[in-house]
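So the chains spell out like this:
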Protein chains: 4
Amino acid sequence: MLPMLEDLKQHVWQANLDLVAHGLVTLTWGNVSGLSDDGELFAIKPSGVAYDKLQPEHIVLVSVDTGEVVEGDLKPSSDTPTHRYLYQHFTGIGGVTHTHSTKATAWSQARRAIPCFGTTHADHFYGEVPVTRPLTQQEIDEAYELNTGVVIVETFADLDPIAVPGVLVASHAPFAWGPTAAKSVENAVALEAVAEMALGTLALQPAMPPVEQYLLDKHYFRKHGAGAYYGQK
Amino acid sequence: MLPMLEDLKQHVWQANLDLVAHGLVTLTWGNVSGLSDDGELFAIKPSGVAYDKLQPEHIVLVSVDTGEVVEGDLKPSSDTPTHRYLYQHFTGIGGVTHTHSTKATAWSQARRAIPCFGTTHADHFYGEVPVTRPLTQQEIDEAYELNTGVVIVETFADLDPIAVPGVLVASHAPFAWGPTAAKSVENAVALEAVAEMALGTLALQPAMPPVEQYLLDKHYFRKHGAGAYYGQK
Amino acid sequence: MLPMLEDLKQHVWQANLDLVAHGLVTLTWGNVSGLSDDGELFAIKPSGVAYDKLQPEHIVLVSVDTGEVVEGDLKPSSDTPTHRYLYQHFTGIGGVTHTHSTKATAWSQARRAIPCFGTTHADHFYGEVPVTRPLTQQEIDEAYELNTGVVIVETFADLDPIAVPGVLVASHAPFAWGPTAAKSVENAVALEAVAEMALGTLALQPAMPPVEQYLLDKHYFRKHGAGAYYGQK
Amino acid sequence: MLPMLEDLKQHVWQANLDLVAHGLVTLTWGNVSGLSDDGELFAIKPSGVAYDKLQPEHIVLVSVDTGEVVEGDLKPSSDTPTHRYLYQHFTGIGGVTHTHSTKATAWSQARRAIPCFGTTHADHFYGEVPVTRPLTQQEIDEAYELNTGVVIVETFADLDPIAVPGVLVASHAPFAWGPTAAKSVENAVALEAVAEMALGTLALQPAMPPVEQYLLDKHYFRKHGAGAYYGQK
């Protein structure tokens with residue numbers, strides 16, 4: 001179960017620092033949030049605060065229902081409406097990570113989905129990591145960050161966000177999620193790694209097809225679901 | 001407001017160290033300067049001094065008006081005339097950073113402007129990061145570093161250097177600037193990041209067009225100007 | 001001679017940490033094992049344990065003959081059947097390293113062998129680093145990790161695994177081995193380095209042929225076999 | 001002036017560690033040597049010793065004239081005959097660095113010289129960094145490391161090794177040199193940087209020509225020779 005309030009803030013603070021430790025953050029580009037046990041609040045990094053100054057008490061609590069700040073003296077991340085929309089629509093997720101990590105962002109900017117070229121990918125994403133459609137001018141002008149959430153959710157109309165816990169926002173950058181803030185960071189790390197591997201793969205084999213479905217099934221299900229046998233239980 | 005003299009030297013010293021911490025410096029290639037509050041002096045790294053030996057008292061004070069050293073026992077950076085020319089012609093800037101960071105230098109050497117392929121770019125540069133024309137032999141022979149400033153300013157004849165706080169000098173390397181020395185370092189970091197992302201983008205999509213104007217507007221103006229809402233106030 | 005039991009566990013624990021220190025590990029992707037002196041047991045990393053929590057007492061002892069855990073409270077790496085199969089079929093090896101290192105994985109995913117383009121490669125691998133055939137659906141469904149070992153050994157039907165101590169598993173990632181766990185890590189490091197160098201080589205010269213046989217012979221045999229003269233004896 | 005004996009060994013030891021600190025060394029691939037003031041001896045890293053174990057007393061003294069070890073309990077680097085040949089034929093050099101740094105090695109393996117694409121290159125190398133011809137089978141079989149020196153010197157038949165302090169050995173890796181061991185390390189660092197920048201430049205502009213001669217002249221001579229004005233004095 002997820003921790004509540006102080007524990008949640010501590011957990012989200014740590015997850016934000018882990019993101020830095022994994023080398024996925026340049027300047028202040030990136031933020032991690034985590035949902036409370038009851039699903040009513042999420043804790044998120046404040047906007048534009050340097051990571052080396054970030055303390056647990058800086059983490060802001062936001063209402064999933066209203067989007068209002070419930071606790072915290074600082075403004076939450078400008079990407080808060082995107083996080084909130086994901087919590088509202090992706091049942092079962094408990095953490096969201098947004099980065100501008102270099103290789104995944106290159107794919108986002110090229111508006112190409114990352115094909116599943118191997119088991120590193122299949123271990124974390126059950127199929128290609130999709131790319132959203134670009135936002136329209138109206139969507140951008142009216143409610144940019146909220147509509148970023150909208151196009152993400154739209155991209156998953158026929159996809160299970162639990163099985164594919166990440167996306168490339170066109171001309172922007174990746175979002176990843178997971179059952180906890182810490183797990184969403186892990187998926188963001190995996191996404192950057194597969195983005196880099198796939199770039200190398202295409203340099204060597206420009207017409208490389210994705211892996212066979214049965215390899216995808218095997219690797220995904222040895223880590224996920226009732227038949228999983230990777231890790232300590 | 002910018003600090004004065006001792007504070008300015010301390011600030012510029014720290015900004016030079018930050019440049020190293022961000023991984024943008026190889027050997028002694030790179031220098032940061034900062035302008036005094038009254039705009040009459042700027043503080044700059046001495047020439048060819050190793051960063052791990054650099055102390056605040058090594059920072060040299062130079063007159064914007066005459067280019068003469070006002071305080072300091074060491075020679076200022078050989079790029080001092082370029083910095084000075086930028087302070088003279090780009091109203092409103094308070095810091096300049098020059099690096100030979102790898103990816104931005106690759107673009108400089110290819111004499112290609114970096115198109116705006118995404119929001120990371122749009123957050124910092126309002127449109128492509130331009131490349132200067134090559135200097136002529138006469139310009140190089142007569143006053144190389146000064147004329148490096150001249151071609152940079154010429155490149156911005158129809159561009160606002162506040163909105164596009166960086167440039168690629170053809171066959172040379174990037175310069176970035178900002179309201180303070182520290183902010184010019186941030187822009188140099190952003191420039192290197194977008195240079196790397198854009199290389200990856202073109203590898204995946206060689207004919208990729210730049211982002212739509214409305215996305216550029218949105219991202220730039222959510223961080224800059226009267227309507228900005230990114231960060232803490 | 002290899003250490004026994006506690007010493008072996010200590011040695012394998014250290015080799016796993018060395019793998020991290022060499023930058024070849026993302027998250028928990030990677031594992032190193034080492035064989036006991038009598039060849040009856042091997043020590044291997046537990047499955048899915050974070051490297052910064054890993055202690056020597058976590059290392060699991062597994063029987064080469066039966067594949068059963070002989071000592072240890074944790075489950076061994078999910079790749080244990082692959083390690084075991086290699087120990088059973090590659091006479092003379094005493095350590096195995098598996099990673100998802102980025103560049104070698106890119107080659108694995110492109111299903112291309114790495115040609116020997118230079119002496120860095122020739123110093124460690126006597127000829128190209130081969131790529132396995134893809135596993136069939138039946139092989140994956142019936143005994144995935146064991147059959148990963150089977151296709152590796154099949155790939156070496158006409159190759160000496162002592163002379164070429166590494167392989168790329170198609171659509172998966174590299175395995176490397178050596179006389180000890182520590183040496184298998186060194187070969188994994190070398191494999192990642194030559195994978196990166198070869199990517200650069202092909203970017204510069206897409207039709208580059210491999211090196212002449214006599215250069216390959218020279219470099220390999222100055223480090224290996226009776227005529228070796230590299231290192232301290 | 002160069003230090004003698006103990007000071008020389010200390011200096012060469014430090015230069016070897018600096019090579020590691022600059023990220024140019026994988027495993028034990030790389031070595032630095034330095035010449036004594038009288039030009040009769042050079043100090044060099046022992047063969048295959050791990051850098052984190054390397055102590056000043058491990059550094060081996062070798063006679064330039066005879067190639068024999070004059071002082072030291074360990075075998076000198078297997079590349080010692082190459083270093084010695086360079087000291088014998090390149091008048092004025094006082095230090096030699098050999099690495100297998102990734103990008104420069106990619107160029108070596110592609111057997112392409114690195115064109116001068118910009119000022120980073122021109123600051124250190126007066127013109128392209130050349131690539132040697134491949135060694136013949138006879139040269140390799142008879143005296144491999146010595147003949148590596150021979151082909152390097154042959155490559156400089158019409159080039160000044162002081163003005164171009166580095167080379168790519170075909171299918172092998174770079175060598176760099178300078179007035180001291182420390183300066184040879186700096187040139188090896190610069191060589192790796194320009195190798196990486198040039199790879200990026202060609203990715204963006206495959207037919208990019210080298211810089212104009214007058215830019216090359218300007219940058220080289222502002223750092224070298226009687227008219228130099230970079231650095232402190």
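Residues numbered from 1 in each chain as written. Chains lettered and ligands numbered in written order. Predicted model: local features only at pLDDT ≥ 70, side-chain atom pairs only at ≥ 80, totals over all residues. Heavy atoms only, no water.

Named according to an unreviewed UniProt entry, chain A is L-ribulose-5-phosphate 4-epimerase originating from Aeoliella mucimassa. The heading Catalytic activity (unreviewed entry) in the UniProt record of chain A holds the text "L-ribulose 5-phosphate = D-xylulose 5-phosphate". Heading Cofactor (unreviewed entry) of the UniProt record for chain A holds this comment: "Zn(2+)". (UniProt positions renumbered as here; feature names shortened; annotations may be inferred.)

**Q** Explanation requested: the side chain of Asn 187 of chain B in the structure shown.
**A** All names here are of chain B. With respect to the element layout, Asn 187 can be found in helix α6 (residues 181-204). Residue class for Asn 187 comes out buried when judged on its relative accessible area of 11%. Sequence-distant contacts of Asn 187, defined by excluding residues within four places in its chain, comprise His 124, Phe 125, Pro 165, Ala 176, Trp 177 and Gly 178. (Helix = DSSP H or I, 4+ residues; strand = E, 2+ residues; numbered from the N terminus. Buried < 20%, exposed > 50% of the residue type's maximum accessible area, 1.4 Å probe, protein only. Contact = heavy atoms within 4.5 Å.)

**Q** Teacher, can you tell me more about the relation of the copies chain A and chain B here?
**A** There are two copies of the chain, and a rotation about an axis plus a shift along that axis relates them. After a rotation of 90° and a shift along the axis of 0.0 Å, chain A superposes on chain B with an RMSD of 0.0 Å. Here the transformation between the copies is reduced to the relation of a four-fold axis. For chain A, the smallest separation between a C-alpha atom and the rotation axis is recorded for Ala 203 of chain A, amounting to 5.8 Å. (Least-squares fit on C-alpha atoms with pLDDT ≥ 70 in both.)

**Q** Just to check I follow, could you spell out the nonpolar core for this structure?
**A** Considering soluble globular proteins, one finds that nonpolar side chains tend to be buried as a cluster. Residues and elements named next belong to chain D. Ranked by internal contacts, the top residues of the largest apolar core, which has 61 residues, are Leu 86, Phe 90, Trp 107, Ile 114, Ile 152, Phe 175 and Trp 177. With 12 residues, helix α6 (residues 181-204) is the largest single contributor of residues to this core. Sequence-distant contacts of Phe 175, defined by excluding residues within four places in its chain, comprise Thr 82, His 83, Leu 86, Val 96, Thr 97, His 98, Thr 148, Ile 152, Gly 166, Val 167, Val 169 and Leu 191. (Core = buried A, V, L, I, M, F, W, Y, C linked by side-chain atoms within 4.5 Å.)

**Q** How should I be thinking about the interface of chain A and chain B in this particular structure?
**A** By a frequent convention, interface size equals the accessible area lost on bringing the separate parts together. Of the residues lining the interface, 32 residues belong to chain A; the matching set on chain B comes to 33 residues. Across the chain A/chain B interface, buried area totals approximately 2,800 Å², and carbon plus sulfur atoms make up 57% of it. Its largest share of buried area at the contact with chain B, chain A owes to Leu 27, Trp 29 and Gln 109 of chain A, together 23% of the area lost on that side. At the junction of chain A with chain B, the criterion picks out 2 salt bridges. Linking Lys 103 of chain A and Glu 196 of chain B is a salt bridge whose minimum nitrogen-to-oxygen distance equals 3.2 Å. Along the contact surface separating chain A from chain B lie 9 residue pairs in polar contact (both at pLDDT 80 or more). (Buried area = accessible area lost by both parts, 1.4 Å probe. Salt bridge = Lys/Arg side-chain N within 4 Å of Asp/Glu carboxyl O. Polar contact = N/O pair within 3.5 Å; in protein donor to acceptor, adjacent residues only side chain to side chain.)

**Q** Looking at this structure, I do not really get the sheet that holds strand β3 (residues 60-63) of chain D. What am I missing?
**A** Sheet strands pair by backbone hydrogen bonding; their relative direction is either parallel or antiparallel. All names here are of chain D. Reading across the sheet, the 7 strands line up as β4-β3-β2-β1-β5-β7-β6 and stay open at both edges, with antiparallel pairing between neighbours. In the strand order of this sheet, the two ends are held by β4 (69-71) and β6 (166-168), each with one partner. Put simply, the sheet's adjacent strands are angled 25° from each other on average, direction ignored. Relative to strand β7 (residues 174-178), strand β5 (residues 95-99) runs antiparallel, the two being bridged by 4 bridges. Note on β7: the bridge partner recorded for Gly 95 is Gly 178. (Pairing = 2+ DSSP bridges. Axes fitted to C-alpha atoms, helices over the stretch in contact; angles between N-to-C directions.)

**Q** For this particular structure, what's the right way to read helix α3 (residues 102-110) of chain A?
**A** Side chains that are three or four residues apart share a direction in an α-helix, a result of its 3.6 residues per turn. Burial analysis of α3 of chain A places 7 of its 9 residues in the buried class, which makes it a mostly covered element. Within the span of α3 of chain A, buried status applies to Ala 104, Thr 105, Ala 106, Trp 107, Ser 108, Gln 109 and Ala 110 of chain A. For α3 of chain A, the secondary structure elements touched by its buried residues are β6 (166-168), β7 (174-178) and α6 (181-204) of chain A together with α4 (119-122) and α6 of chain B. Arg 111 of chain A, located one to two residues past α3 of chain A, shows a positive phi value of around 55°.

**Q** Got a minute to help me understand the sheet that holds strand β6 (residues 166-168) of chain B in this structure?
**A** Residues and elements named next belong to chain B. Read from one edge to the other, the open sheet built from 7 strands follows the order β4-β3-β2-β1-β5-β7-β6, with strand pairing classed as antiparallel. In this open sheet, the two strands that pair with only one neighbour each are β4 (69-71) and β6. Mean inter-strand twist for the sheet, computed between neighbouring axes without regard to direction, equals 25°. As defined by bridge partners, strand β3 (residues 60-63) adjoins β4 across 2 bridges and the pair is classed as antiparallel. Paired with Leu 61 across the two strands is Glu 71, which belongs to β4.

**Q** Honestly, the interface of chain D and chain B in this entry has me stumped. Any pointers?
**A** The interface is formed by 33 residues belonging to chain D together with 32 residues belonging to chain B. Overall, the association of chain D and chain B removes approximately 2,800 Å² of surface from exposure, summing both partners, and the carbon and sulfur fraction of that is 57%. Summed over the shared surface of chain D and chain B, the result is 2 salt bridges. In this assembly, chain D and chain B are joined by 9 residue pairs in polar contact (both at pLDDT 80 or more). Breaking the side of chain D that touches chain B down by element, the ones donating at least two residues are α4 (119-122), α6 and α7 (213-223) of chain D. The element contributing the most residues to the side of chain D that touches chain B is α6 of chain D, with 11 residues. Tallied by class, residues from the side of chain D that touches chain B come to 14 nonpolar, 11 polar and 8 charged. (Nonpolar A, V, L, I, M, F, W, Y, C, P; charged D, E, K, R; others polar.)

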